[in-house]
2 protein chains.
Amino acid sequence: MASIEEAIFPHLEPAAARRLLLAAHQVFARKGYAAATTREIAAGARMSPAAMYIHYRSKQDILFHLSLLGHEACEEVLLAARAAESTSPGRLARMIGTLAEWHATHHTTARIVHHELTSLTRDNFDAVAVIRRRIDALIAGVVTAGVTDGSFRLTDPAGTALAVTSMCVDVARWFPAGTLHSPADVRTLYADLALRLVGATPG
Amino acid sequence: MASIEEAIFPHLEPAAARRLLLAAHQVFARKGYAAATTREIAAGARMSPAAMYIHYRSKQDILFHLSLLGHEACEEVLLAARAAESTSPGRLARMIGTLAEWHATHHTTARIVHHELTSLTRDNFDAVAVIRRRIDALIAGVVTAGVTDGSFRLTDPAGTALAVTSMCVDVARWFPAGTLHSPADVRTLYADLALRLVGATPG
């Protein structure tokens, strides 16, 4: 898993901080945040607990950074997908296909990020919630734009935007499964499903 | 939460076993399975650990029963929904609306059941997986029937059935949110979304 997850944190410096995040990621995935210990995380990064505290003050601090990086990565792929298309159906299909693919590729990180959200302290949660609201607004924005320009037909834009996002997030829980073996399979199917959910006129 | 969750375990006898499941449910929800202790669970049920062992051999045994009951409840509501309708669109809309509503109503139990699945021992997981496969088959069955009788138009029945189920499961993670305040709101929206996902011909 580490090699896939390195890709989310490529620019994180110094390397020791990256190693700690990757080690924490594996411990959180295996036993959950509450049961994880800083000792195990440090050991996973081949460091002493004392050396760990130079980079992160606590287990909470690590979860917070993991959550921030995961959310920022999602926002980045959504912005890039939106910029790559010019129509509402094109944008929605690419954004949702990409978001679903991201949750398949980075399913371990995504599970931690989404399922341990309630393990964040109030201040840390609030900081992450700012990015979550921006992500929600990005998706709701394209849904609403499609309704306005006549490409989408639906009665509940807010509820549908929530359901579309939720569908992508849950990919991290089950991927891989059934006939969906690769993140690219997920991308193709979910781009199509997103258009169906908004009642896009076939182009 | 206890009063809502009582409804899932109404027939569980004796009452002490039900009290233990409800207490465990709250401890698992608060800190996760790995960090929960049998001592806390027993205390939550106002029992001694020794009295707890009369009903459940371990924390694992409690999680297993919680998982079994949760899955059995989902299967039951799906079977009842299917029996209440006679057409493929009617069946799919009612089944998915009901399943989404169940995940909204019982979101705490559903979160534990789905997110702690990997905390089950191999044998316990296998026993729960038997019910999961029956649930998946119920939903895939109505999707395939709709394709066969011409009411649904879609290219990937297996992938679509998985996505429809996944969409319902994830309701437990976010409910309530946005404009979806009640399980009934979720039911109405998700019944409609399910028909959209399968390309049901407007009836």
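Going by the structure above, here's the rest.
Fair warning: this is a prediction, and the values are worked out from it, not measured in the lab.

Enquirer: I keep staring at the overall build of chain A and nothing clicks. Help me out?
Expert: Along its length, chain A carries eleven helices and zero strands. The helix and strand sequence of chain A, counted from the amino end, reads α-α-α-α-α-α-α-α-α-α-α. Here chain A has a C-alpha radius of gyration of 18 Å; the compact-globule value for 203 residues is 17 Å, and the two agree. The dimensions of chain A, computed from C-alpha atoms along their principal axes, are 60 × 35 × 25 Å. By the burial criterion, 52% of the 203 residues in chain A qualify as buried. Nonlocal contacts in chain A, meaning residues at least 24 apart in sequence, comprise 68% of its contacts between residues at least 6 apart.

Enquirer: What exactly am I supposed to notice about the environment of Arg196 of chain A here?
Expert: Tracing the chain through its elements places Arg196 of chain A in helix α11 (residues 183-197). For the pair Arg196 of chain A and Arg153 of chain A, spaced 43 residues apart in the sequence, the C-alpha separation amounts to 9.8 Å. Non-local contacts of Arg196 of chain A, meaning those with residues more than four positions away in its chain, are made with Arg153, Leu154, Thr155, Arg196, Leu197, Val198 and Gly199 of chain B. Reaching out from Arg196 of chain A, the side chain makes a polar contact with the backbone oxygen of Leu197 of chain B at a distance of 3.1 Å.

Enquirer: Is there a simple way to explain the packing of helix α9 (residues 157-169) of chain A against helix α11 (residues 183-197) of chain B in this structure?
Expert: Packed helices, taken two at a time, are described by the angle between their axes plus the distance between the axes. Two elements in contact, α9 of chain A and α11 of chain B, have axes whose closest approach is 11 Å; the angle formed by their N-to-C orientations is 65°. In terms of orientation, α9 of chain A and α11 of chain B fall into the roughly perpendicular class. Remark: the crossing between α9 of chain A and α11 of chain B carries right-handed chirality. On α11 of chain B, the residues that touch Gly159, Thr160, Ala163 and Ser166 of chain A of α9 of chain A are Leu189, Tyr190 and Leu193 of chain B. Taken together, the residues that form the contact of α9 of chain A with α11 of chain B break down as four nonpolar, three polar and no charged.

Enquirer: Mind showing me how you'd approach the interface of chain A and chain B here?
Expert: Many descriptions give the size of an interface as the accessible area lost when the pieces come together. On the side of chain B, 31 residues touch chain A, which itself brings 31 residues to the contact. Here chain A and chain B share an interface that buries about 2400 Å² over both sides, 61% of which is from carbon and sulfur atoms. Summed over the shared surface of chain A and chain B, the number is zero salt bridges. Our enumeration of links across chain A and chain B arrives at nine residue pairs in polar contact (both at pLDDT 80 or more). Listed by contribution, the elements that provide at least two residues to the side of chain A that touches chain B are α7 (107-115), α9, α10 (171-174) and α11 of chain A. A total of eight residues in the side of chain A that touches chain B trace back to one element, the largest contributor, which is α9 of chain A. Residues belonging to the side of chain A that touches chain B are distributed by class as follows: 16 nonpolar, eight polar and seven charged.

Enquirer: Explanation requested: the environment of Thr98 of chain A in the structure shown.
Expert: Residues and elements named next belong to chain A. Structurally, Thr98 can be placed in helix α6 (residues 88-105). Residue Thr98 is classed as buried on the basis of its relative accessible area, which comes to 11%. Once the C-alpha coordinates of Thr98 and Cys74 are considered, the two residues, 24 residues apart in sequence, prove to be 9.0 Å apart. Filtering out sequence-adjacent residues up to four positions away, Thr98 remains in contact with Val77, Ala81 and Arg187. Here Arg94 takes part through its backbone oxygen, which lies 2.5 Å from a polar atom of the side chain of Thr98.

About the thresholds
Residues numbered from 1 in each chain as written. Chains lettered and ligands numbered in written order. Predicted model: local features only at pLDDT ≥ 70, side-chain atom pairs only at ≥ 80, totals over all residues. Heavy atoms only, no water. Helix = DSSP H or I, 4+ residues; strand = E, 2+ residues; numbered from the N terminus. Rg over C-alpha atoms; globule rule 2.2 N^0.38 Å. Buried < 20%, exposed > 50% of the residue type's maximum accessible area, 1.4 Å probe, protein only. Contact = heavy atoms within 4.5 Å. Polar contact = N/O pair within 3.5 Å; in protein donor to acceptor, adjacent residues only side chain to side chain. Axes fitted to C-alpha atoms, helices over the stretch in contact; angles between N-to-C directions. Parallel < 35°, antiparallel > 145°, perpendicular 65-115°, else oblique. Left-handed = near helix turned anticlockwise from the far one by under 90°. Nonpolar A, V, L, I, M, F, W, Y, C, P; charged D, E, K, R; others polar. Buried area = accessible area lost by both parts, 1.4 Å probe. Salt bridge = Lys/Arg side-chain N within 4 Å of Asp/Glu carboxyl O.

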